[in-house]
Amino acid sequence: MDFLPFVQKARTCRRFAEDKPLRKTDLDWLVECARFTPSARNAQVVRVIEVLDQSAEALFPLTHWAMALKNWKGPTEGERPTAFLALLLPEKSPTISYIDLGIIAQTIQLAATSRGWGCCIIKSFDQEKTTALLKPESPYEVELLLGLGQAVEVRKAVDAERGKDLTYWRDEKGIHFVPKRTKEELVLQALS
Ligand SMILES: Cc1cc2nc3c(=O)[nH]c(=O)nc-3n(C[C@H](O)[C@H](O)[C@H](O)COP(=O)(O)O)c2cc1C
């Protein structure tokens, strides 16, 4: 598949087939993809914790999903993520390390999409309880969680109207729409 339709397809996923759980080998493959990402000074400061089975079940209630969908309380039983990857940085990391973190998160999201899996990057989670559950070794702190599983949610990117609200929404069939700024709005200047 050409990269453009592929990246258009790679929308955040928040509903999964819980009866088809991801396995350790699946998470290992995602981490293997993440291993080859660019890194500032090639310092490779990010670390990962793989979370499956009962640990994923315990982590799920500590995460917050789609705050903009006021009438939706997050994935229900049967549609919850079946695995998580926690991305960690050493405490008090410089800003540039967060760029590494973002590149890894997006690479994993694209890798997951390539296999029909869905991914939700999650920054909104209970830090204290997540630390207590995952027990990362010092000096690492959990910075992002990636909720993962077989994707069942239909998601579509649509062109955003200039100056209009960028909030995502769902239609009556449950299709999730994500407005994206047009190329014309994105490109501030084209110098030659
Ligand atoms: C850094 C970051 C943090 C995010 N945190 C959350 C989160 O806590 N919960 C959630 O449901 N989605 C979270 N998202 C997903 C965004 O809501 C999503 O990327 C956005 O709505 C655009 O949708 P798209 O990924 O399909 O383009 C996060 C995304 C990023 C990049």
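Numbers given for residues are sequential positions, taken from 1 along each chain in its written order. Local features are withheld for residues below a pLDDT of 70 in this predicted model, meaning they are given only at 70 or higher, and side-chain atom pairs are given and counted only at 80 or more; totals for whole chains, interfaces and linings count all residues.

A pair of strands is treated as paired once DSSP finds two or more bridges between them. Helix and strand definitions here come from DSSP, where helices need a minimum of 4 consecutive H or I residues and strands a minimum of 2 consecutive E residues; each element is numbered from the N-terminal end. In spatial order, the strands read β5-β7-β6; together these three strands make up an open sheet with mixed pairing. Every interior strand has two partners, whereas the edge strands, β5 (155-159) and β6 (169-170), have only one. Note: β5 against strand β7 (residues 176-180), five bridges, orientation parallel. The residue of β7 that forms the bridge with V158 is P179.

On to the domain arrangement of the protein chain, then. Segmentation of the chain into domains, including their bounds, is taken from an automatic or database domain assignment. We note that the domain assignment places domain 1 (3-153) and domain 2 (154-192) within the protein chain. For domain 1 and domain 2, the distance between their C-alpha centres works out to 23 Å. On the domain 2 side, the residues contacting the seven residues of domain 1 number eight residues. Gly falls in the polar group here, along with every residue not listed as nonpolar (Ala, Val, Leu, Ile, Met, Phe, Trp, Tyr, Cys, Pro) or charged (Asp, Glu, Lys, Arg). Residues belonging to the side of domain 1 that touches domain 2 are distributed by class as follows: three nonpolar, two polar and two charged. Remark: residues whose backbone-derived C-beta atoms lie within 7 Å of one another are considered to be in contact.

Around the ligand lies a shell of 14 residues, among which R11, T12, I121, K123 and S124 are the nearest. Considering each element in turn, the shell around the ligand owes the most residues, three residues, to strand β3 (residues 117-122). A per-class count over the shell around the ligand returns seven nonpolar, three polar and four charged. Lining the shell around the ligand are residues from two domains, each supplying at least three of them: domain 1 (3-153) and domain 2 (154-192). Residues are classed as near a molecule or strand if the C-beta position derived from their backbone is within 6 Å of it.

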